[in-house]
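Breakdown of the fold
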Amino acid sequence: MEATRFWSVVEKDFLWMYMWMVKRKDPQHHKQIRVCPPAGHAQGDSGVAAPFGGLGPIEAGEDSCDEGPLPSHTQHSEDSFDEGPLPSHMQQGVSSADNTEVPAGHPQGDSGVAAPFRRPGTIDISQSRAAGPTQPRLKIYPKTMQGEKRRSFNPSWYNTFSWLEYSLMKDCAYCYACRHFSLPSTSESVFTSESGFSQWKKAMYKDAGFKVHEKSDSHITAMLAWSEHKKAALTDASVLNMLNNEYKKKVEENRSYIKTVADVLLLTATQNMAQRGHRESEQSDNKGNFLEILEMIAKPNPMVAKKMKATGNAKYTSNTIQNEILQCLTSMVQDSIVKEVKESEVFSIIADETKDLQKKEQLSLVLRYYYNGAVHESFLEMQHAQHLDAKGLSDMIIKCLESYELQYKSNLVGQGYDGASVMSGKHSGVAARIKTEAKTAFYVHCNAHCLNLVLVDTVKSVPEADCFFSLLEKIYVYMSGSYLHQKWLTVQKEMYGGTPRELQKLSDTRWACRAVACRNLMDRLPAVLCVLQNISAENLRDGSIDARGLLAQIDLTFIGLLATFRKVFGDTKLLSELLQSPSVDLAMAADMVESLLDTFQEYRTETFTDKLWHDIVETAKQCNIAVENVEKKRAHKVSTKLGGSYVTCTIGLRKGNADKDSFRQGLLYPILDTLVSEMERRFSKMNCSVMRGIQALNPKSSTFLQDDQVFDFGTIYGCDKEDLTHELHQARRILSRKAESGAAQLGNILDLTVFLEPYQEVFVELFRLCKIALALPVSSAACERSFSALKLIKTHLRTTMLDNRLSHLSLLSIESRRARALNMDDFIKVFASKHKNRRIALF
């Protein structure tokens, strides 16, 4: 700013002083002169010219510069102008604001402060090499009497002598090359002196003026130096451009290589493949999937091949770099999940733990929320649970939510766990501890676990059923032997043709899947008996004895239980699969449970019993099991005092389940009654206020949008009752008009939520309640699915994997859809910001 003010003052001083001098010498000529700024010369709002960088042309015209008063700092009388001194800043030649550095050895003033340094000549010509020659082109130049004529500077000389500079302030010419590029030992000439050259008469003489100076050795040397300077400037620019282009090319190669490495890691992670090998040296025959895939890519790709041959850690294939890349990919997937959760506002947490092959307890965390017209259950991470008590597990869950900056205290509306006491404890369990922090976190016992416990308790309560499944397991184990299994396949091909079936192993945790085991055994029971009879006839010692024992156990009662559990477990398997679906809400779960209860009640009828008994008899006949005396047995009389009661055993009454009545009373009805009672007990929580409120949001429910039910639900989650009243009224009217117009009816809460989403600013409270109803967990099946991925990732050959790497690989495997959709350019930015080693340039 100080330099700008300096040049403005100098320019104004010089212009007005020059015009005053011209007026004094030639008043008539002055009237024909006016000063105009050069083209592109910037002026401020105040009208003061920008810092002086070459004078504008002086044009002839009617306007005269003496029409206005001189500036106050240049107003002098004609007598005092020649006699009085110039202003102090003009006497010095350079303002004190000039910050030009003083070269070494430059003399200093008496005060000890360095005097301002500048090139020889006046201040209105070039002051540095970068400025170039100052060549103002004016229509009229000042004239002086030389000889018999008034002579002036001719601007056409610029075309002949490129080194020529002209100072309007002194009306003199200078040599730009000699002023800036002459050697230090060069003697001063008139073209480098302060006075300059002004003998315009001799300017173009052969033995004087410009031509003599142009032929001097000092000038030729200066011109050569100037020419080299210009070449160097151009060379520097081209070299800089070349270096920039080379750097950009290098960066693009580096980015492409890092993307390739990340793509290979992403492929192996989503496909649950091991990345590293046992030995990864150059001499190893198998370096692991990661390096082998990279080397395969490098064969047709010279850039990747060159990077792979780099020395040291510039290859970016070490386990440390792999962990950093996996962490970056994982963080991008987690960020997308957290972003959706924050936009949805309300969410639920689902957690479960399991033990890996290292005997470490791994805690799986899943978030359930509504987003963009669908219900999502997104896997967040897997953590090593060092403390398995309620306090340790609840602290882990809360710290995880806090690490992602999720507002769990106000937005956590549900939590879903299994029925373990450490999780579901009423006073000090994980659910109770989290509810003290998040008041609206409603605990839901996994409905799939509840259904599984119903089946477990039913089988345990009926002794015949418990023995039946033990026998079923022994048949599977016996038929799975290497020798017997081959016979089993051969007999099936001979009897049924086509693809043979395999007997299913019984699962201790998924009881509903036992329906498949019962179905396969019942469909292939004649083949099983054929194999057992063949083995029992052979002399195989223990094998023959086991076959005879199994044959003796397979009777009409066994077939009756097989047919019963095939039917019952088939119905429960359908419900179990539906409960594990992420799109199912609690209202749908309650409806399906009620439907299954009604089905079991219908099974306690004569119609169903007759049909089931018919299937049992037909299967027994196919297996050559005696059934001819079954229908002819006399019915046992029961005392009239026991009328209406189920008699299991009386003194003198022989026990037997070989006829239809005995089967119905001794096996079928006890199994069905136990199933119904256990389901009513396990799913009794469906009658709470939260469940009633959710049912009131179900379009298929009889209480759909009833005020009382919805108000109770809204009170739990802090809804405004007055606003909710108006919203319910308007929603009922809109849905009624929609039904009258013949539009498609809403089927569930999800349909209602999608319908309200475009009007969420109007139905604020109702739309929020719908999102809460969808966000509440139904089962912890998502955590169970993550355990399946854990078994595929942490195998017996990969038990040394660190917990962080395990969590990253699990997330990329489970959320493979999100992982494959990642933008690799964004990954490069994330990796470059987090990567500490700068051996490779990415920007």
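Scroll up a little and you will see the structure.
Scope of this entry: the structure provided in the associated data block. (Residues numbered from 1 in each chain as written. Predicted model: local features only at pLDDT ≥ 70, side-chain atom pairs only at ≥ 80, totals over all residues. Heavy atoms only, no water.)

Along its length, the protein carries 34 helices and eleven strands. Across the 843 residues that make up the protein, the buried fraction comes to 45%. Counting contacts in the protein only where the partners sit at least 6 residues apart, residues at least 24 apart contribute 69% of the total. (Helix = DSSP H or I, 4+ residues; strand = E, 2+ residues; numbered from the N terminus. Buried < 20%, exposed > 50% of the residue type's maximum accessible area, 1.4 Å probe, protein only. Contact = heavy atoms within 4.5 Å.)

What follows covers the pattern of salt bridges. Counting across every chain of the model gives 26 salt bridges. R255 serves as the salt-bridge partner of D825, at 3.8 Å between the closest nitrogen and oxygen. One end of the pair, D825, is in helix α34 (residues 824–834); the other, R255, is in helix α8 (residues 217–270), with 570 residues separating them in the sequence. The class for D825 is partly exposed, based on a relative accessible area of 33%. Judged by relative accessible area, which is 13%, R255 ranks as buried. A salt bridge links E377 to R785, with the shortest nitrogen-to-oxygen separation between them at 3.9 Å. Taken as a pair, E377 in strand β9 (residues 374–384) and R785 in helix α31 (residues 781–793) lie far apart in primary sequence, 408 residues in all. Taken together, the shared-partner salt bridges connect D457, E678, R681 and R682 into one network. (Salt bridge = Lys/Arg side-chain N within 4 Å of Asp/Glu carboxyl O.)

A surface patch of like charges, here negative, comprises D591, E594, D598, E602 and E680. In terms of residues, the negative patch owes the most to one element, helix α23 (residues 586–603), which gives four residues. Counting through the fold element by element, E680 comes out in helix α25 (residues 660–682). (Patch = residues over 30% accessible without salt bridge, like charges linked within 9 Å, V, L, I, M, F, W, Y side chains within 5 Å. Areas by Shrake-Rupley, 256 points an atom, 1.4 Å probe, with all protein chains shown as cover. Lys, Arg positive; Asp, Glu negative; His and termini not counted. Charge placed at Lys NZ, Arg CZ, Asp CG, Glu CD.)

A ring pair, where both rings are aromatic, is described by two values, the distance of the centres and the angle of the planes. Tallying each qualifying case throughout the model produces 35 aromatic pairs. Ring geometry for Y176 against F181: centres 6.0 Å apart, planes inclined by 70°, an arrangement best described as edge-to-face. Look at Y176 and you get buried, because its relative accessible area is 1%. Pairing F468 with F558 gives two aromatic rings, centres 5.2 Å apart and planes at 50°, and the pair type is tilted. Pair noted here: F468 is in helix α17 (residues 463–479) and F558 is in helix α22 (residues 556–579), with a separation of 90 residues, a long-range link. Neither residue differs from the other here; F468 and F558 are each classed as buried. Here the aromatic cluster, defined as three or more aromatic residues joined through ring pairs, consists of Y141, F153, W157, Y158, F161, W163, Y166, F191, F197, W200 and F210. The positively charged end of R514 is found above the aromatic ring belonging to F469, 5.2 Å away from the centroid. Above the plane of the ring of Y669 lies R604, whose end atom (NZ or CZ) is 4.3 Å from the centre. (Phe/Tyr/Trp six-rings, centres within 6.5 Å; stacked < 30°, edge-to-face > 60°. Lys NZ or Arg CZ within 6 Å of the ring centre and 35° of its normal.)

Further remarks concern helix α26 (residues 689–696). Counting buried positions along α26 gives six out of eight residues, so the element sits mostly inside the fold. Those residues of α26 hidden inside the fold are in contact with β11 (442–445), α23, α27 (707–716), α29 (749–756) and α30 (764–775).

This part takes up the nonpolar core. Generally speaking, soluble globular proteins have nonpolar side chains that are buried together. The biggest cluster of nonpolar side chains holds 116 residues, and the ones touching the most others in it are I475, F558, F565, I694 and L697. Top contributing element to this core by residue count: α22, with eleven residues. Beyond its immediate chain neighbours, meaning those up to four positions away, I475 contacts L503, L521, V528, L550, I554 and F558. Counting residues in hydrophobic clusters, the runner-up holds 78 residues, among them F290, Y408, I434 and L811. (Core = buried A, V, L, I, M, F, W, Y, C linked by side-chain atoms within 4.5 Å.)

Across the interface, α22 lies against helix α24 (residues 606–622) with an axial gap of 9 Å and an inter-helix angle of 125°. The pairing of α22 with α24 is recorded here as oblique in orientation. Crossing angle aside, the handedness with which α22 passes α24 is right-handed. Residues L556, I559, G560, A563, T564 and K567 of α22 touch α24, and the partners they reach there are F608, L612, W613, I616, T619 and A620. Of the residues assigned to the contact of α22 with α24, the class counts are eight nonpolar, three polar and one charged. (Axes fitted to C-alpha atoms, helices over the stretch in contact; angles between N-to-C directions. Parallel < 35°, antiparallel > 145°, perpendicular 65-115°, else oblique. Left-handed = near helix turned anticlockwise from the far one by under 90°. Nonpolar A, V, L, I, M, F, W, Y, C, P; charged D, E, K, R; others polar.)

Another point: the environment of A547. Along the chain, A547 turns up in helix α21 (residues 542–553). What makes A547 buried here is its relative accessible area of 0%. With ten residues separating them in the primary sequence, A547 and A537 have C-alpha atoms 9.2 Å apart. Apart from residues no more than four positions distant in its own chain, A547 is found in contact with Y478, L532, I535 and S536.

Here the focus is the pairing of strand β8 (residues 361–371). Burial analysis of β8 places ten of its eleven residues in the buried class, the great majority of the element. The antiparallel hairpin formed by strand β7 (residues 347–355) and β8 contains five residues in its connecting segment, where K359 sits at a positive phi of about 65°. In textbook terms, the turn of a hairpin is the stretch between consecutive antiparallel strands, and for β8 and β9 this stretch comprises two residues, one of which, N372, has a positive phi near 55°. (Pairing = 2+ DSSP bridges.)

On to the sheet that holds β11, then. Judged by pairing direction, the sheet is mixed, and its five strands sit side by side in the order β9-β8-β7-β10-β11 without closing on themselves. Each edge of the sheet is formed by a strand with only one pairing partner; in this case those strands are β9 and β11. Averaged over all adjacent pairs, the angle separating strand axes in this sheet is 25°, with direction ignored. The pairing of β7 with β8 spans eight bridges and is antiparallel. Opposite I350, over in β8, you have V366 as the bridge partner. Lying over the sheet, helix α11 (residues 319–344) contacts β7, β8 and β9, oriented at roughly 45° with respect to β8. Helix-sheet contacts for helix α12 (residues 390–403) involve β7, β8, β9 and β10 (412–417), and the interaxial angle to β8 is about 45°.

Turning next to unusual backbone geometry. For N272, which is not a glycine, the phi torsion comes out positive at approximately 60°. Residue placement: N272 occurs in the loop between α8 and α9 (289–298).

Attention now moves to helix α18 (residues 482–495). Along its 14 residues, α18 runs 20 Å from first to last C-alpha, staying within 8% of the 20 Å computed at 1.5 Å per residue. On its buried side, α18 packs onto α17 and α20 (525–537). Two residues or fewer after α18 comes G497, characterised by a positive phi angle close to 70°. (Expected span 1.5 Å × (residues − 1).)

Before going further, it helps to examine the packing of α12 against helix α15 (residues 430–437). Each pair of packed helices gets described by two things: the angle between the helix axes and the distance between those axes. Relative orientation of the contacting elements α12 and α15 amounts to 45°, with a least axis distance of 9 Å. Judged by the angle between their axes, α12 and α15 are oblique. For α12 against α15, the interelement crossing comes out right-handed. Contacts between α12 and α15 pair A390, K391, L393, S394, I397 and I398 from the former with V430, R433, I434 and E437 from the latter. Of the residues assigned to the contact of α12 with α15, the class counts are six nonpolar, one polar and three charged.

Keep in mind these values describe shape, not function.
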